[in-house]
Amino acid sequence: MKRKIAYVILASSILFGSSTSWADQAKADEYRQIFASGHYYLEYKESGIKKTLAIQDGIRMSYKQSFNGGFNPLSLFVPFALFGGGGVTVIPDAYYEAGKYYQFFEKDKAQMATEQELKDPQIDPTENWSTVKSRLALPEAFRMFAGGTDSFDGSTSGVFDFAESYPGDGQEKLPYDKYVRPVRNKGGKVIFEYQYYVYYKDGNISKIQCMLQKPGKKAENVREYTSIKISSDIPKNRITLPKGSKIFKPGMGDMDDLLDIPVPMHTVGEETK
């Protein structure tokens, strides 16, 4: 009887042309190997905003798109280009090395805080230190290639389960893999889930669509990642503090903070030995 049921399922798949697969795209294994090496470069646009992340030997650095004073909606239509050359411009965002965190407030000016200072309740909350780890962590939408989590930012929720693979994506039919991450309440009941559709074109990752699915509701599009590049080759200077950058202390609720006086620490490349 079980064998007969199996034959029926197989026949139905052939009859209706189903291409559901129990393994993800071939390129996914290559991406897993790159992320597992701990030496990689990720470049992408998140909801149209260009960002990059480079990791090597425990050092992390992120870049973000510059809007010269504010968000420019026209930038969403600027052709994608690699660092300058008349296209999208990216500037340093955050950097981590040996227990020290840096975040840039101008392209050549940054503040530096130690791990202990990040935990200090006196650190200035307006300086956005609470997000520095997440900006240096692998975005959740890519963690299915990295074992499901990135412990750098303390996240333990980014666990993905492979679901299925078949053509889709509206007018343009592209193969994709679907991953899901259920979110449960304290009682273990699923209250909603994130769904990640990873699309491929010509064998390479094309885009990732993040959906929020609530029970009995239509899935909502949360964000989208496009112009994705995953590589073991890190572009020159994408993981080093730019020479000449001025480094300042974080605000720690002292007199300098009250007087709004930034306290310089050193200039990159001019540190005393």
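Details of the structure are given in the entry above.
Residues numbered from 1 in each chain as written. Predicted model: local features only at pLDDT ≥ 70, side-chain atom pairs only at ≥ 80, totals over all residues. Heavy atoms only, no water.

Chemist: Lay out the pattern of salt bridges with the relevant residues and their values.
Modeler: A full pass over the atoms with the stated rule returns 11 salt bridges. In this structure, Arg-135 engages Asp-93 in a salt bridge whose closest nitrogen and oxygen atoms are separated by 2.9 Å. Taken together, the positions of Arg-135 in helix H4 (residues 132-136) and Asp-93 in strand S4 (residues 90-97) put the pair 42 residues apart, joining distant regions of the chain. For Arg-135, a relative accessible area of 22% gives the class partly exposed. Across the pair Asp-153 and Arg-143 runs a salt bridge, and its minimum N-O distance is 3.3 Å. Linking Asp-153 in the loop between H4 and strand S7 (161-168) with Arg-143 in the loop between H4 and S7, this pair joins segments that are 10 residues apart in sequence. When salt bridges with common partners are traced through the structure, they connect Glu-46, Lys-51 and Arg-223 into a single cluster. (Salt bridge = Lys/Arg side-chain N within 4 Å of Asp/Glu carboxyl O. Helix = DSSP H or I, 4+ residues; strand = E, 2+ residues; numbered from the N terminus. Buried < 20%, exposed > 50% of the residue type's maximum accessible area, 1.4 Å probe, protein only.)

Chemist: Can you break down helix H2 (residues 26-36) residue by residue, with the values?
Modeler: Within the sequence span of H2, burial applies to Ala-28, Tyr-31, Ile-34 and Phe-35. Within H2, the buried residues cover an arc of 120 degrees as seen down the axis, which keeps them to one side. Residues of H2 that are exposed and angled more than 90 degrees away from the buried face: Ala-26, Gln-33 and Ala-36. Positioned one or two residues after H2, Gly-38 has a phi angle of 75 degrees, which is positive. (Arc of directions from axis to C-beta.)

Chemist: Report on the packing of aromatic side chains, specifying residues and quantitative values.
Modeler: Scanning the entire structure with this criterion turns up 15 aromatic pairs. Residues Tyr-96 and Phe-152 carry aromatic rings whose centres are separated by 5.1 Å and whose planes lie at 75 degrees to one another, so their mutual orientation is edge-to-face. Placement of Tyr-96 in strand S4 and of Phe-152 in the loop between H4 and S7 is noted, with a sequence separation of 56 residues between them. When its relative accessible area of 16% is taken as the criterion, Tyr-96 is described as buried. Seen in terms of ring centroids, Phe-192 and Tyr-194 are 5.6 Å apart; in terms of plane orientation they differ by 90 degrees. Their pairing is edge-to-face. An aromatic cluster is built from Tyr-31, Phe-35, Tyr-40 and Phe-145, whose rings are joined through pairwise contacts. The ring of Phe-152 carries Arg-60 above its face, with NZ or CZ at 4.3 Å from the centroid. Between the NZ or CZ atom of Arg-238 and the centre of the ring of Tyr-63, over which it lies, the distance is 4.4 Å. (Phe/Tyr/Trp six-rings, centres within 6.5 Å; stacked < 30°, edge-to-face > 60°. Lys NZ or Arg CZ within 6 Å of the ring centre and 35° of its normal.)

Chemist: So what's going on with the pairing of strand S11 (residues 220-231)? Which residues, and what values?
Modeler: Both strand S1 (residues 40-46) and S11 contribute to a ladder of 5 bridges, which runs antiparallel. Counterpart to Leu-42 in the pairing with S11 is Ile-230. Summarising the sheet, strand S10 (residues 204-213) and S11 pair through 5 bridges and their orientation is antiparallel. Across the sheet, the residue bridging to Gln-209 is Glu-224, located in S11. Taking the residues that link successive antiparallel strands as the turn, the S10-S11 hairpin has 6 residues, and the phi of Gly-216 there is positive, at about 75 degrees. (Pairing = 2+ DSSP bridges.)

Chemist: Tell me about the nonpolar core, and please be specific about residues and values.
Modeler: Phe-142, Phe-145, Ile-205, Ile-208, Ile-228 and Ile-230 are the most contacted members of the largest nonpolar core, which totals 24 residues. At the level of elements, H2, S1, strand S2 (49-56), strand S9 (190-201), S10 and S11 are the ones that each hand at least two residues to this core. Counting residues per element, this core draws most heavily on H2, which supplies 4 residues. Residues contacting Ile-228, with those up to four places away along its chain left out, are Leu-42, Glu-43, Tyr-44, Phe-142, Ile-205, Ser-206, Lys-207 and Ile-208. Core analysis: the next-biggest nonpolar cluster, separate from the first, contains 16 residues, Ile-59, Tyr-63, Tyr-102 and Met-112 among them. (Core = buried A, V, L, I, M, F, W, Y, C linked by side-chain atoms within 4.5 Å. Contact = heavy atoms within 4.5 Å.)

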